[in-house]
Amino acid sequence: MSSSFWIKSQAGFKVLADSSLEAPLSNQRGYFTPNDRFFVCNENPTPVVDASRYTLVVEGDAVNNRLELSYEELRAMEQKTVLAYLECAGNQRMLFETVLGKRLNKRPHMTETLWGLGGVGMAEWRGVPLKDVLERAGVKPQAVHVCPVGLDGNSEDDGVRCPMPVAKALQPETLLALEMNGQPLPPDHGFPVRVLVPGWVGTYSIKWVGRIIVSSRFLWVHRNTELYVLTGDDWPAESYLPAKGASISEQTIKSSLALDWPAQLTSGRQTIFGYARSPDSEIRSVQWSADGGASWMSADLLLPNIRYGWVNFSLTWDAQPGSHVLMTRATDRAGRTQPLSIPFNHGGYLFNMVHPHPVIVT
């Protein structure tokens, strides 16, 4: 695939399935992920959009008025800042194979994008609350779904789209983001305008959004019927018709070590960092184990620790020569804890079980 698929440099990224860029989590430093180091999950080549000609259209049978807003009109509206991590639904997909020994061979288009630990990043987003724009259009009481549509059009439903319930769209933290880490959105991350849906899998945060459809009926599209659904023995298709499995929306609680896979360390006292996150709550604790889960110790949580953000944690380990595995387990303030096992799904989505991270100490 030509490098023109993206605008940013591929240097330092792992190219996945010729369409996505993974930034190894081991390279993450500090709280925020710099824009040029933020992962990219593209369906199509990054479009170059002229902001001076940009128009956002809000329409549908569940709004009173069809609305058109220019980029400058959006910038003139009241802006809100939201700190939130963004994570692909398939992040950590490789662990289904490396940890559980499961072959991801029934969803070839998606499972070729074999994410490691780096399909996640943390940013400061700034833009217009989506609810403010929807209120200008006059959302009707019978509204059910809000469906942003990207300008990176293709054969998929005449434009990339993934509808969300109107209640999620009206949450004050759901944004039409114009800035990322204090700068205008980079092209690969949705310039001039993208949706940010905190706590939900990345596919809902549509980039290069050009149209928003507000519907009085449930909208079935490619992404919530075939692409981003859980399929397998635990999700009988007949239970989710017309979808082929259980639709994915909210993220899952996770913790990951910011180490290579496998990691190589020298013997002696080592301070190791990692990142824990929950879809809708602060993290209460992270525990870690170096003996296969026989005993657990508390990691230190570093500030900030906020509702939609990840939290950096650290642990100190007396590393002895040989092959080891480290494990981490996060619990949030809503009472959710990473599970010790999870069911397999053919798409390799939402891997969040407590898993062994291999470490070789020399």
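For the structure, see preceding data.
Predicted model, so just to flag it, every value in this text is computed and none were measured.

## Describing the packing of aromatic side chains
Inspection of the entire model under this criterion finds 12 aromatic pairs. The interplanar angle of 20° and the centroid separation of 5.5 Å between the aromatic rings of Phe38 and Phe39 together place this pair among those described as stacked. Here Phe38 and Phe39 have matching classes, each one buried. Aromatic side chains Phe96 and Phe351 sit 5.0 Å apart centroid to centroid with 85° between the ring planes, which places their arrangement in the edge-to-face category. Of this pair, Phe96 sits in helix α2 (residues 94-98) while Phe351 is found in the loop between β23 (322-332) and β24 (357-361), placing the two residues 255 residues apart along the sequence. Members of the aromatic cluster, each reached through a chain of ring pairs, are Phe38, Phe39, Trp115 and Trp125. Note that Arg37 overlies the ring of Phe13, its terminal NZ or CZ placed 4.2 Å from the centroid.

## Focus on unusual backbone geometry
Of note, the amide linkage connecting Phe191 to Pro192 takes the cis form, showing an omega dihedral of 10°. By the element assignment, Pro192 lies in the loop between β11 (183-184) and β12 (194-196). Here the amide bond leading from Trp261 into Pro262 is cis, since omega sits at -10°, within 30 degrees of zero. Along the chain, the position of Pro262 falls in the loop between β16 (254-257) and β17 (263-265). For Asp18, which is not glycine, the phi torsion reads 60° and is therefore positive. With respect to the secondary-structure elements, Asp18 resides in the loop between β1 (14-16) and β2 (20-22). For Asp18, a relative accessible area of 39% corresponds to the partly exposed category.

## Observations concerning the environment of Ile342
Mapped onto the elements, Ile342 comes out in the loop between β23 and β24. Along the backbone, Ile342 and Met353 are 11 residues apart, and their C-alpha atoms lie at a distance of 6.1 Å. Setting aside its immediate chain neighbours within four residues, Ile342 contacts Phe96, Leu100, Leu350, Phe351, Asn352 and Met353.

## Brief notes about helix α4 (residues 130-137)
Given 3.6 residues per turn, any residue in an α-helix points the same way as the ones three and four places further on. Those residues of α4 that sit buried are Leu130, Val133, Leu134 and Ala137. Down the axis of α4, the buried side of the element spans an arc of 100°, and every buried residue falls inside it. The first or second residue beyond α4 is Gly138, which carries a positive phi of 80°.

## A few points about the nonpolar core
Counting residues in each nonpolar core, the largest one holds 43 residues, and the members touching the most others are Leu74, Val133, Leu176 and Ile212. Those elements giving two or more residues to this core turn out to be β4 (55-59), β5 (67-70), α1 (71-76), α4, α5 (166-169), β10 (175-180) and β13 (209-215). Once residues lying within four places of it in the same chain are set aside, the contact partners of Ile212 are Leu56, Val57, Val58, Glu59, Leu130, Leu134, Val146, Cys147, Pro148 and Leu176.

## Quick notes on the sheet that holds strand β21 (residues 300-302)
Strands in a sheet are paired, the pairing made by backbone hydrogen bonds, and the direction either parallel or antiparallel. Pairing is antiparallel in the open sheet, where four strands are placed in the order β16-β18-β22-β21. Looking at the sheet topology across the chains shown, the edges are occupied by β16 and β21. Adjacent strand axes in the sheet meet at a mean angle of 30°, parallel and antiparallel pairs treated alike. Sheet analysis places β16 next to strand β18 (residues 268-277), joined by four bridges and oriented antiparallel. Note that in β18 the partner of Ser256 across the bridge is Tyr275.

## Quick word on a nonpolar patch on the surface
There is a patch of nonpolar side chains on the surface, built from Val144, Phe218 and Trp220 and spanning about 260 Å² of accessible area. Its location among the elements puts Phe218 in the loop between β13 and α6 (222-227). A relative accessible area of 41% means that Phe218 is categorised as partly exposed.

## A word on the sheet that holds strand β8 (residues 145-150)
Strand order across the open sheet formed by five strands is β5-β4-β13-β8-β9, with mixed pairing between neighbours. Only two strands of the sheet have a single neighbouring strand rather than two, namely β5 and β9 (164-165). Contacts from α4 reach β4, β5, β8, β9 and β13, with the element oriented near 135° to β5.

Scoring rules and cut-offs
Residues numbered from 1 in each chain as written. Predicted model: local features only at pLDDT ≥ 70, side-chain atom pairs only at ≥ 80, totals over all residues. Heavy atoms only, no water. Phe/Tyr/Trp six-rings, centres within 6.5 Å; stacked < 30°, edge-to-face > 60°. Buried < 20%, exposed > 50% of the residue type's maximum accessible area, 1.4 Å probe, protein only. Helix = DSSP H or I, 4+ residues; strand = E, 2+ residues; numbered from the N terminus. Lys NZ or Arg CZ within 6 Å of the ring centre and 35° of its normal. Contact = heavy atoms within 4.5 Å. Arc of directions from axis to C-beta. Core = buried A, V, L, I, M, F, W, Y, C linked by side-chain atoms within 4.5 Å. Pairing = 2+ DSSP bridges. Axes fitted to C-alpha atoms, helices over the stretch in contact; angles between N-to-C directions. Patch = residues over 30% accessible without salt bridge, like charges linked within 9 Å, V, L, I, M, F, W, Y side chains within 5 Å. Areas by Shrake-Rupley, 256 points an atom, 1.4 Å probe, with all protein chains shown as cover. Salt bridge = Lys/Arg side-chain N within 4 Å of Asp/Glu carboxyl O.

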